[in-house]
Amino acid sequence: MSIKARRGLASGIVVGSLALTAVPGFAQGLLSTHRVSAALALEAVGAAVAQCTSQGYAESAVVVDASGARQALLRGDNAGIHSLDSAMGKAYTSASFKAPSGAVAERLLANPPTAQLGRLPDVLLLGGGLPIKIGDEVVGAIGAAGAPGADKDEACAKAGIDKIADRLK
């Protein structure tokens, strides 16, 4: 091996060694998170749909985890097929922004530049999505859709959270 090649190899080893010493800093940054169990997610969507059904509304409900991935969904009897997508969008928005979807809608739509966030995939700027929390940590969200008004959808979503609230620990 030539002297030039050995110098290049030695430089590569030094740079590689320096890069490896930085890696443990990343490993120290692991986060511990919580997730709603499948059983609780199913109970929540069932309670949300049942609440709206008892009021004469054809409702759908979706629970997502904190990352916005679907965990459970239920399309109530006679609920429009679009209500599944609407409930998903409301749940995703609530989980992503860590706030009720109706409050997110009000905040973003009040400021035209931030209203553009409503064009992000799966974001729906309508009320009916609520975060599911353990203390201050958002561990998921529930979205409800199909009732004649966002306030009614939100009340049904709240019924879903209320059904499992005592077991969110």
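Everything numeric here is computed off the predicted structure, so don't read it as measured data.

Parameters and conventions
Residues numbered from 1 in each chain as written. Predicted model: local features only at pLDDT ≥ 70, side-chain atom pairs only at ≥ 80, totals over all residues. Heavy atoms only, no water. pLDDT = per-residue confidence, 0-100. Contact = heavy atoms within 4.5 Å. Disulfide = S-S within 2.5 Å. Helix = DSSP H or I, 4+ residues; strand = E, 2+ residues; numbered from the N terminus. Buried < 20%, exposed > 50% of the residue type's maximum accessible area, 1.4 Å probe, protein only. Core = buried A, V, L, I, M, F, W, Y, C linked by side-chain atoms within 4.5 Å.

Quick word on the confidence of the model for the chain
Across the chain, the average pLDDT comes to 89, with 84% of residues at or above 70. Counting interchain partners and residues more than four positions distant, the pLDDT-below-50 stretch residues 16–20 has zero contacts.

Quick look at the state of the cysteines
Using the criterion set out here, one finds one disulfide in the structure. Here C52 connects covalently by a disulfide to C156, the sulfurs 1.8 Å from one another. Looking down the S-S bond of the C52 and C156 bridge, the torsion is 100°, so its handedness is right-handed. Residue C52 is located in helix α2 (residues 38–54), and its partner C156 is located in helix α6 (residues 150–164); the two are separated by 104 residues in the primary sequence. For the pair C52 and C156, one class covers both residues: buried.

Considerations on the nonpolar core
Ranked by size, the top nonpolar core spans 23 residues in total, and within it V36, V63, I132, I142, I164 and L168 carry the most contacts. Contributing elements (two or more residues each) for this core: α2, β1 (60–65), β3 (129–134), β4 (137–145) and α6. If you tally residues by element for this core, the top one is α2, at seven residues. By size, the runner-up hydrophobic cluster in this structure holds eight residues, among which are M88, A91, A95 and A141.

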